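# Per-entry structural report
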Amino acid sequence: MDLHRSPVARAWRKWRRPSDLPVPRRPRNAEDTSRRFLMYGVMPLWFVPSVADWVMHRRTRIEETTGVRESAVHALMMAEAGVPVAMGLLAKVNPLVLSVMGGAALLHGATALWDVNLATTEREVRPTEQHIHSFLEVLPLTALAFLGCLHADQVRGTLRGGRSADDWKLLPKESPLPARYLAVIGLGIGVCVALPYAEEMTRCVKAARRRGTR
């Protein structure tokens with residue numbers, strides 16, 4: 001089979017050719033309002049508690065307690081959230097994408113429970129940090145709920161097992177999100193999520209090495 005001639009490959013090569021998804025400044029209906037809140041409300045809300053959680057870890061000196069173990073769990077949770085976010089931003093919402101998002105949300109919740117159990121054995125988890133966790137845990141479900149409202153037909157298709165082979169393929173959006181929006185969201189993820197937790201892991205690894213050389 002020639003992969004370069006497959007429908008999926010052709011679609012991905014042309015993914016920036018269609019017109020960007022129109023996002024009017026003044027919503028005209030409930031669909032516009034829901035899309036704007038998902039794009040400019042739910043997505044940026046992820047950044048604030050992520051940075052706040054990193055600050056809490058730093059204040060309680062994670063590198064001297066649970067260290068690399070807990071920081072690795074944080075990296076796992078970022079992957080569990082990051083993969084469905086990337087799919088939601090770039091790919092056509094179909095039963096495959098919705099199933100991945102739903103599974104990732106459940107897995108993220110289970111990993112969050114593991115994270116708290118690990119942290120409380122050696123590190124002080126203050127009420128403020130626990131409250132921050134509640135925001136981080138509910139945001140994936142909130143995003144999935146709004147996406148399901150915007151794509152009710154795909155939700156029905158998912159519950160029925162899909163209506164065609166394309167329902168279970170990763171395809172580009174027919175109307176991509178604006179490039180400027182994707183760039184800003186990508187920058188926000190890098191600055192507010194990836195960079196702080198990379199610094200945390202680096203700090204934990206250095207502390208572990210220092211303890212190993214004593």
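This text goes with the structure placed above it.
## Things to note about the overall build of the protein
A tally of regular secondary structure across the protein gives eight helices and zero strands. The N-to-C order of helical and strand elements in the protein reads α-α-α-α-α-α-α-α. Scored against the burial criterion, the 214 residues of the protein give a buried share of 38%. Long-range contacts, defined as pairs at least 24 residues apart, comprise 85% of the intrachain contacts of the protein with a sequence gap of at least 6. When the accessible surface of the protein is split by element, carbon and sulfur atoms take 63% of a total near 12,300 Å².

## Re the packing of aromatic side chains
Counted by the stated rule, this structure contains three aromatic pairs. For the pair Tyr40 and Tyr181, a centre-to-centre distance of 5.3 Å together with 80 degrees between the ring planes defines the contact as edge-to-face. You can see Tyr40 sitting in helix α2 (residues 30-45) and its partner Tyr181 sitting in helix α8 (residues 179-212), a full 141 residues away along the chain.

## Quick word on the side chain of Asp167
Relative to the helices and strands, Asp167 is located in the loop between α7 (152-159) and α8. Other than its neighbours up to four places away in sequence, Asp167 contacts Asn94, Pro95, Leu96, Gln154 and Gly162.

## Quick word on the packing of helix α4 (residues 67-90) against helix α5 (residues 95-122)
For any two helices packed against each other, one specifies the inter-axial angle together with the distance between the axes. Running from N to C, α4 and α5 cross one another at 165 degrees; their axes reach a closest spacing of 9 Å. It follows that α4 is roughly antiparallel to α5 by the angle criterion. Here the hand of the crossing between α4 and α5 comes out left-handed. When the residues that make up the contact of α4 with α5 are grouped by side-chain class, the tally is 15 nonpolar, four polar and five charged.

## A short note on the environment of Val100
With respect to the helices and strands, Val100 occurs in helix α5. Given a relative accessible area of 29%, Val100 falls into the partly exposed group. For the pair Val100 and Val83, spaced 17 residues apart in sequence, the C-alpha separation works out to 8.7 Å.

## Here we look at the pattern of salt bridges
What the rule picks out here adds up to 13 salt bridges. As a salt-bridge pair, Glu63 and Arg203 come within 2.6 Å of each other at their nearest N and O atoms. Of the two residues, Glu63 is situated in the loop between α3 (47-59) and α4 and Arg203 in helix α8; the sequence distance between them amounts to 140 residues. We classify Glu63 as buried; its relative accessible area is 7%. Here Glu129 and Arg123 are joined by a salt bridge, their closest N and O atoms 3.0 Å apart. Neither Glu129 nor Arg123 differs from the other in exposure class; each is buried. Three or more residues joined by partner-sharing salt bridges are found here, namely Arg58, Arg61, Glu63, Glu64, Glu199, Arg203, Arg210 and Arg211.

## Digging into the packing of α3 against α8
The interhelical angle for the contact between α3 and α8, taken along N-to-C directions, is 15 degrees, at an axis separation of 10 Å. Between α3 and α8, the crossing angle belongs to the class labelled roughly parallel. Here the hand of the crossing between α3 and α8 comes out left-handed. For the pair α3 and α8, the contacting residues are Phe47, Ser50, Val51, Asp53, Trp54, His57 and Arg58 in the first and Ile185, Gly188, Ile189, Cys192, Val193, Pro196, Tyr197, Glu199, Glu200 and Arg203 in the second. Across the contact of α3 with α8, the residue classes tally to nine nonpolar, three polar and five charged.

## Observations concerning α3
For α3, which comprises 13 residues, the first-to-last C-alpha distance of 19 Å matches the rise-based estimate of 18 Å (1.5 Å per residue) to within 8%. Taken together, the buried positions of α3 are occupied by Phe47, Pro49, Ser50, Asp53, Trp54, Met56 and His57. Structurally, α3 contributes buried residues whose contacts are with α2, α4, α6 (127-150) and α8. Remark: Arg61 follows α3 within two positions and exhibits a positive phi of approximately 55 degrees.

Criteria and cut-off values
Residues numbered from 1 in each chain as written. Predicted model: local features only at pLDDT ≥ 70, side-chain atom pairs only at ≥ 80, totals over all residues. Heavy atoms only, no water. Helix = DSSP H or I, 4+ residues; strand = E, 2+ residues; numbered from the N terminus. Buried < 20%, exposed > 50% of the residue type's maximum accessible area, 1.4 Å probe, protein only. Contact = heavy atoms within 4.5 Å. Areas by Shrake-Rupley, 256 points an atom, 1.4 Å probe, with all protein chains shown as cover. Phe/Tyr/Trp six-rings, centres within 6.5 Å; stacked < 30°, edge-to-face > 60°. Axes fitted to C-alpha atoms, helices over the stretch in contact; angles between N-to-C directions. Parallel < 35°, antiparallel > 145°, perpendicular 65-115°, else oblique. Left-handed = near helix turned anticlockwise from the far one by under 90°. Nonpolar A, V, L, I, M, F, W, Y, C, P; charged D, E, K, R; others polar. Salt bridge = Lys/Arg side-chain N within 4 Å of Asp/Glu carboxyl O. Expected span 1.5 Å × (residues − 1).

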